[in-house]
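Examining the three-dimensional arrangement
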Amino acid sequence: MAQRLPYSEIAPAGMDIMMEMEKYTKTSAIERKIRELIKIRASQINGCAFCLNMHTTDARKMGETEQRLYCVSAWEECEFYTKAEKVALELTEHVTLIPTKRVPDELYQRVREHYDEKQYVDLILIINQINSWNRISIAMGNTATEK
């Protein structure tokens, strides 16, 4: 991976905090495939090729189909995402684009039809975590490389 500077070496304590949050999100009750779809959708919105490459690769390894990966950006028009996945993706868009979309009460209520209070908090943390990673990755000049 190419990057502007070795930020993990320069600020290891800060990166340790990021990694601790990553560990926490992996222990949540949110299904792993949904976590990856969230990461992919936020990374699409933010234009983070490095994270898109990483999370589509991870999703494929866990059995996600090419069809579902290709259509994440148009999830609303697809019948092959569950209602729980769709509402998680919608929440992802609203949180990622919070200056213009916000999180209206109506969306919160629809999310709560599929996720309990703790899961709602975990969804928000997962969405914020990938948005943070996107911003770090883009600002540090991380680039996607061919394997």
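See the structure above.
About the thresholds
- Residues numbered from 1 in each chain as written.
- Predicted model: local features only at pLDDT ≥ 70, side-chain atom pairs only at ≥ 80, totals over all residues.
- Heavy atoms only, no water.
- Helix = DSSP H or I, 4+ residues; strand = E, 2+ residues; numbered from the N terminus.
- Expected span 1.5 Å × (residues − 1).
- Buried < 20%, exposed > 50% of the residue type's maximum accessible area, 1.4 Å probe, protein only.
- Contact = heavy atoms within 4.5 Å.
- Salt bridge = Lys/Arg side-chain N within 4 Å of Asp/Glu carboxyl O.

1. Considering helix H4 (residues 49-61)
Taking 1.5 Å of rise per residue, 13 residues should cover 18 Å, and H4 covers 18 Å from first to last C-alpha, within 8% of that figure. All of the buried residues in H4 are Phe-50, Cys-51, His-55, Thr-56, Thr-57 and Ala-59. On its buried side, H4 packs onto helix H3 (32-46), helix H5 (66-70) and helix H9 (117-139). Where H4 terminates, the next one or two residues include Gly-63, which has phi positive at roughly 100°.

2. Describing the pattern of salt bridges
It is possible for side chains of opposite charge to pair when their charged atoms get near one another. In the structure shown here, the tally under the stated rule is ten salt bridges. One salt bridge in this structure joins Lys-23 and Glu-20, with 3.2 Å as the shortest N-O distance. With Lys-23 and Glu-20 both in helix H2 (residues 12-26), this residue pair falls three residues apart, about one helical turn. Residue classification places Glu-20 among the partly exposed positions, given a relative accessible area of 48%. Residues Glu-90 and Arg-110 are paired through a salt bridge, measuring 2.7 Å at the closest nitrogen-oxygen approach. Here the residue Glu-90 occupies a position in helix H6 (residues 83-96), and Arg-110 occupies one in helix H8 (residues 105-112), the gap between them amounting to 20 residues. What makes Arg-110 partly exposed here is its relative accessible area of 27%.

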